[in-house]
Amino acid sequence: MSKPDAMTAGILVIGSGPGGCVSGTMLVEAGHDVLMVEEGEHLSLDSAAHFSREEMLRKYRNGGVSVALGRQKLAWVEGRCVGGGSEVNRGLYRRAPEFILDSWRKDFGVENLGFNSMKAHFAACEEIARVEYVPGAPSEMSQQLQRGAQALGWQSIEAPRLFSYDPDGKGGRRQSMSETFVRRFLQKGGRLNARTRIDRLRRVSGAWLATGSAKDEAGHSRPIEIRAQRVFVACGAVQTPALLRRSGFTHNVGNSLRFHPMVKVVAEFERDVNFAGDLDPVHQIKEFEPSFGMGCSISKRPMLGVALSDREGAWDLVHERSRRMGIYYVQTTGGTATVRNLPGFSDPLVRIGFTANDLHVLGTGLRKLCEALRAADAVRVMPCVAGYADVASTRSLEFMPSSLSASDGSVTSVHVFSSCPMGENDRRTAANSFGKVHGTDGLYIADASLLCTPTVVNPQGTVMAVAHRNALDAIERQFS
Ligand SMILES: Cc1cc2nc3c(=O)[nH]c(=O)nc-3n(C[C@H](O)[C@H](O)[C@H](O)COP(=O)(O)OP(=O)(O)OC[C@H]3O[C@@H](n4cnc5c(N)ncnc54)[C@H](O)[C@@H]3O)c2cc1C
């Protein structure tokens, strides 16, 4: 075993997703010596086409395959590269609704979390990572969902994105962390080490010692150790509890992981709606929030093929009619999961349980989504759930099961949070109201793990705003 490479930092930030990048940038701007480490590679936004196989292999954890086990399974994906999930996502942007922040205050005892005071933190992040609406008309596929909602009198919105659109509305650039906060962090003197994974944290002689490994470009690994006065853990909602638990911190850590479970359908329309070069769809149906929300997914040919892979002749169907097809989803908040380490494995075991009500809400949401697409004049709606028949008439909606029965991986998710909730309610929280791990000195959580419950809306804005709020509190109140 070779001797570890030794480094020091005033503050070590572990993980460079939205939580880590916002915290790191704030800390370095306040004059602190900050080293941010990231397990994945530092790649430019253009290094792989968006939603390509190459992107999955290079920028996702496990090439995009992670499964939560249980009677009903759930497949989820996470980014693993500098910028974390922001590098691979669509950047659909919503601020956390007031009722969510209220419930975090009431149920988890989060102090000073007013809707009005949070506005400043949302706005500060939005200024650095731009949030814009499509300047012209959104894509046809996106508008189809809105037409369905309008026909039924349901509330729908056009969501803005973390995106800088060209003035003609035909293209633009995603505002991922590598395009925004990472640049700012580096310009202000922050240090960033990619391909560096931290395995454990321990307290040694009044400081934190982080141990792990760093890979060179050829993939050869060497041991490292980093000594720091303070540590911000921002490894994402699954890896943060795994790291904390490996380091001996277990109080309310990894017991309450939540997702936005999602089921998809493919709708086929009478005319073309899906064109190469379309901007990503942006419409969402809000009518049934907080129970469930609906939206449009990326619907390139390979995605359509995968979505319909359970159906006989799927590839021929996609080959013939992909321009008439779009993928849509319904997303709920049900299911609770645990995160536990297994000896000898670098990834933790995630176990999920759904209640009968969770499955009922998923079933109801799926039926409502099919209804919206029928109202948008879809000639055929194909639920992407094994054993579900096509919905070819409004009448056939009545025959859809009222609860989702699938246990075959039809339920997926891209939103992960709540594994280490913040707040003063010691029975439910792992960290205090500003992210400091209970009972520790100088150890903070700074990512989606802190969000006490699902946000119901797209979460990245809330991850960033909470990280901004907490870093500011640490700088102004705790470090002085
Ligand atoms: C495909 C996809 C689509 C999405 N779409 C949207 C959307 O449109 N809108 C929205 O609001 N949200 C969306 N999200 C969710 C959003 O990306 C996340 O909420 C956000 O990225 C969470 O930020 P985070 O900082 O908590 O963690 P992450 O972004 O997961 O970042 C954590 C980082 O830490 C690194 N890391 C983990 N363990 C270690 C370790 N031990 N040592 C060093 N580094 C480590 C990881 O490699 C990763 O880069 C999407 C996510 C995905 C995957």
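Anything mentioned here points back to the structure above.
Rules used in this analysis
- Residues numbered from 1 in each chain as written.
- Predicted model: local features only at pLDDT ≥ 70, side-chain atom pairs only at ≥ 80, totals over all residues.
- Heavy atoms only, no water.
- Core = buried A, V, L, I, M, F, W, Y, C linked by side-chain atoms within 4.5 Å.
- Buried < 20%, exposed > 50% of the residue type's maximum accessible area, 1.4 Å probe, protein only.
- Domains from an automatic or database assignment.
- Pairing = 2+ DSSP bridges.
- Helix = DSSP H or I, 4+ residues; strand = E, 2+ residues; numbered from the N terminus.
- Near = heavy atom within 4 Å.
- Polar contact = N/O pair within 3.5 Å; in protein donor to acceptor, adjacent residues only side chain to side chain.
- Areas by Shrake-Rupley, 256 points an atom, 1.4 Å probe, with all protein chains shown as cover.

A.B. asks: It is not clear to me how the nonpolar core should be interpreted in this structure. Could you clarify?
C.D. replies: General note: in soluble globular proteins, nonpolar side chains tend to be found buried as a group. Counting 121 residues, the largest nonpolar core has Leu201, Phe259, Tyr328 and Leu373 as the members making the most contacts within it. When residues are assigned to domains, this core turns out to be shared by domain 1 (5–42 + 84–129 + 175–254 + 419–478) and domain 2 (133–172 + 261–413), each giving three or more. Leu304, Leu308, Leu317 and Met325 belong to the second-largest nonpolar core, a separate cluster that totals 11 residues.

A.B. asks: Looking at this structure, how should I read the pairing of strand β12 (residues 221–233)?
C.D. replies: Two faces make up the sheet, and in a regular strand the side chains alternate between them. Bridging between strand β1 (residues 5–14) and β12 involves 9 bridges; their strand directions are parallel. Considered in β12, the bridge of Thr8 is made with Arg227. Inspection of the sheet shows strand β11 (residues 207–215) paired to β12 by 8 bridges, in the antiparallel sense. Residue pairing in the sheet places Ala210 in a bridge with Ile226 of β12. Taking the residues that link successive antiparallel strands as the turn, the β11-β12 hairpin has 5 residues, and the phi of Gly219 there is positive, at about 95°. Bridge count between β12 and strand β23 (residues 443–445): 3 bridges; the pairing is parallel. Among the inter-strand pairings, Phe232 is bridged to a residue of β23, identified as Tyr444.

A.B. asks: Which parts of the structure should I look at to understand the site of the ligand?
C.D. replies: Near the ligand lie 37 residues; those nearest to it are Glu38, Gly85, Leu92, Ala448 and Gln460. Asn89 places a polar side-chain atom, nitrogen or oxygen, 2.9 Å from an oxygen atom of the ligand. In the complex, 95% of the free accessible area of the ligand, which totals 1,000 Å², lies under the protein chains. Elements that contribute at least two residues to the shell around the ligand include exactly α1 (18–29), β10 (196–204) and α11 (460–478). Sort the elements by how many residues they give to the shell around the ligand and β10 lands first, with 3 residues.

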